[in-house]
Amino acid sequence: MVLSFFRGGDSGLDHVVTRSVAMVTDARHSFDLACTALMSGADPRLIADDVRETDLRINANEQQLRGELAVHISVHGPNDIGEVIGLILLLKKIERVGDHAKNILDLAESGVSFVNEPDIDGLLEERRIVSGFFTEASEILAEHDGIPQSFRERVDSMTSQIQSRIDGYMTSEQPGHQVVPRAVYHRYLKRIVANLNSAVFAATEPVRVAGNSD
Amino acid sequence: MPTGARAALVVALIYLFLVGVSSLETGIKIMGADTQERLFSAVSNPIAGLCVGILGTVLVQSSSASTSVIVGLVASGALGVDQAVPMIMGANIGTTVTNTLVSLGHVRQSAEFRRAFAAATVHDFFNILAVAVLLPVELIFRPISGIAKWMSELLVGSGGTEWKSPVKKWVKGPVEWLKDLWDQLGASGNVKGALMVATGLVIVLIALAFVTKNMKALVAARIERSLNAILGKAGGLVALAVGMVVTIAVQSSSITTSILIPLSAAGVLTLRNAYPVTLGANIGTTVTALLAALAASSADSLTVALTHTTFNIAGILLLYVLPFAREIPVSAATLMADLAVRRRVLAVCYVVVLFIVAPLLGVAILR
């Protein structure tokens, strides 16, 4: 540990960004596993430990990296305050994504399954797109080169699509045991997309996102 | 500024610092035996010397600067080793004022203030306790200065009080140039000596301030990595080593200990994490006086610089390595922080009394 003084390596903020990209990868892993339980018929009990351990790892990383950001400000002063605010928000957003992945697992553990349902193809396609957002978010964070317009447009489009599904479930005349789990799942999905979007915004435009309630 | 240029600037500033120490020594020598005798008698009482050490360090907010000046005074013959040792111990107490003042910045948030004030005062209590235990022992048996003298003789030999330091030769030119400058401006005798002392003091303080500033900029990322490495860990020797290495790098224990305060206030570092870092800073800060001793011509100045190191190591062996003793400063700091949170004015009184009123009274009564 003392040798860390003499060794080279990422500067403080670069290190936090690198670790936050790993956190996004962890969050994607949890999301994919939880959705597998919900949509592919996998036994939720078999993947629960993995999802929960990953969530704990995300939470621990968030806490540790927040500490490292405090160290950065203590050592360097307030010059990087904008970036630090952005990274604190980013970490919080990723941590929330992990929580929502765990919520999806909870849904599967409570007996919900979309396997063999008539709308499974649409649900799988939504999951594929959202899972892709995780990868894109990781790349955007790692490259630190602004948010591509196409990403913003696809995120907005997916958010609208999910919201219209939720609206549809709210006014649906189908039985509750069919509509409620879908409404709840889509609610989580919407939060995941919103938090991923906010995460990349927080890293690139921290002050503007500071008032965002997502 | 490019890293290479900044590193070169630091080397130049260290050279300037050594010129300052040598100028101080030369100035006192020019002022003659009478002045030396007056200075000598002013701190002949060890408690008065301790108080002068506290006050001097509080004034310049740097034990590196005050101990370097003490080394310069010893080199000039104005102070003996016996008079300098309590002053060095006082410098150790005085240096803790900076992080205690930093902790007062958190006074409006109770929880933050409690953590910050405890992290700051644990350093105070450790240093006060170390002085309370080791100063009487030193005055009676001289074990600390004895060890330092033995090491000093080992390093420069026991051939006499004059030590042919190679660094002394390197800084001789600029010091002679300063002497000539004051000569040409018409100064002579005590006036010239006083001007040399004043110039030396200004050079030492400015050079050290800029060395610290530039070294901090040079090694900030490394400091950050080192502190990250001890986050959430339970302190111990690693944290102590980190404190020492960081302090040697920035040549200022105040920088190291002050960085810890906002981290402790935020709850990122616990009191037990921060405590050993401050002890490492105690050892690290002694390197500046050792550096100053390189520019001095007397073996006694090296003995005094080594006394500072030996005293701090002895304090840690006595009060940190022994588990029951380790808890005393922590408990005292926690108690003090609880009191300060309940009565904020106590925190201000604590700083004023410990660092200003008590040492002033000590000097006034005992000198």
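Note that the structure is predicted; figures quoted are calculated from it, not measured.

### Comments concerning the overall build of chain A
Along the backbone of chain A there are seven helices and zero strands. Taken from the N to the C terminus, the helices and strands of chain A come in the order α-α-α-α-α-α-α. Against the compact-globule benchmark of 17 Å for 214 residues, chain A has a radius of gyration of 19 Å, which places it among compact chains. Dimensions of chain A, computed from the C-alpha atoms along their principal axes, are close to 65 × 35 × 25 Å. Within chain A, contacts between residues at least 6 apart in sequence are counted, and of these 81% link residues at least 24 apart.

### A closer look at the overall build of chain B
On a plain count of helices and strands, chain B comes out with 16 helices and zero strands. Over its C-alpha trace chain B gives a radius of gyration of 20 Å, about what one expects of a compact globule, namely 21 Å for 367 residues. Each of the three principal axes of chain B carries a C-alpha extent, and together these read 60 × 50 × 40 Å. Burial status across chain B gives 57% buried among its 367 residues. For chain B, restricting intrachain contacts to residue pairs at least 6 apart in sequence, the fraction spanning at least 24 positions comes to 84%.

### What to know about the interface of chain A and chain B
Listed per partner, the contact involves 16 residues of chain A and 23 residues of chain B. At nine residues, helix α2 (residues 44-76) of chain A tops the list of elements feeding residues into the side of chain A that touches chain B. When the residues that make up the side of chain A that touches chain B are grouped by side-chain class, the tally is six nonpolar, nine polar and one charged.

### Some words on the nonpolar core
If you look at the biggest cluster of nonpolar residues, it comprises 170 residues, and the most contacted ones within it are A34, L38 and I104 of chain A together with I70, V71 and V204 of chain B. Counting residues per element, this core draws most heavily on helix α6 (residues 110-141) of chain B, at 13 residues. Ignoring anything within four residues of it in the chain, the contact list for I70 of chain B reads L79, A84, M87, I88 and V304 of chain B.

### Observations regarding the environment of M336 of chain B
All names here are of chain B. With respect to the element layout, M336 can be found in helix α15 (residues 323-342). Note on M336: 21 C-beta atoms within 10 Å, which makes it buried. The sequence separation of M336 and F117 amounts to 219 residues, and the corresponding C-alpha distance is 8.1 Å.

### A short note on the confidence of the model for chain B
With 95% of its residues at a pLDDT of at least 70, chain B reaches an overall mean of 89. Within chain B, α6 of chain B carries the highest mean pLDDT (96), whereas helix α1 (residues 3-42) of chain B carries the lowest (82).

### Quick look at helix α3 (residues 81-109) of chain A
Helix length check: α3 of chain A (29 residues) gives 42 Å between terminal C-alpha atoms against 42 Å at 1.5 Å per residue, within 8%. Taken from the residues just after α3 of chain A, G111 of chain A is the one with a positive phi, measuring 105°.

### Here's the deal with helix α2 (residues 46-60) of chain B
All names here are of chain B. The end-to-end C-alpha distance of α2 is 21 Å, a good match for the 21 Å that 15 residues give at a rise of 1.5 Å each. The buried count for α2 comes to 13 of 15 residues, which makes it a mostly enclosed element. One or two positions beyond α2, positive phi appears at Q61, with a value near 55°.

### So, the packing of helix α4 (residues 81-94) of chain B against helix α14 (residues 299-319) of chain B
Axes are the key here: two packed helices are described by the angle between their axes and the distance separating the axes. Residues and elements named next belong to chain B. It is the contact of α4 with α14, at a shortest axis distance of 10 Å, that shows an interaxial angle of 40°. By the angle between their axes, α4 is oblique relative to α14. When you trace α4 past α14, the crossing you get is right-handed. Contacts between α4 and α14 involve V81, A84, V85, I88, M89 and N92 from the first element and D300, T303, V304, T307, H308, F311 and N312 from the second. Looking at the contact of α4 with α14 residue by residue, the classes come out as seven nonpolar, five polar and one charged.

### Focus on the packing of α2 of chain A against helix α11 (residues 253-265) of chain B
At a minimum axis distance of 9 Å, the contact between α2 of chain A and α11 of chain B shows a crossing angle of 145°. As α2 of chain A runs across α11 of chain B, the sense of the crossing is right-handed. Facing α2 of chain A, whose interface residues are A70, V71, S74 and V75 of chain A, α11 of chain B presents I259, P262 and L263 of chain B.

### Here's the deal with the environment of L56 of chain A
Inspection of the secondary structure puts L56 of chain A in helix α2. For the pair L56 of chain A and D99 of chain A, spaced 43 residues apart in sequence, the C-alpha separation works out to 9.5 Å.

About the thresholds
- Residues numbered from 1 in each chain as written.
- Chains lettered and ligands numbered in written order.
- Predicted model: local features only at pLDDT ≥ 70, side-chain atom pairs only at ≥ 80, totals over all residues.
- Helix = DSSP H or I, 4+ residues; strand = E, 2+ residues; numbered from the N terminus.
- Rg over C-alpha atoms; globule rule 2.2 N^0.38 Å.
- Contact = placed C-beta atoms within 7 Å.
- Buried ≥ 20, exposed ≤ 12 C-beta atoms within 10 Å, placed from the backbone.
- Nonpolar A, V, L, I, M, F, W, Y, C, P; charged D, E, K, R; others polar.
- Core = buried A, V, L, I, M, F, W, Y, C linked by C-beta atoms within 7 Å.
- pLDDT = per-residue confidence, 0-100.
- Expected span 1.5 Å × (residues − 1).
- Axes fitted to C-alpha atoms, helices over the stretch in contact; angles between N-to-C directions.
- Parallel < 35°, antiparallel > 145°, perpendicular 65-115°, else oblique.
- Left-handed = near helix turned anticlockwise from the far one by under 90°.

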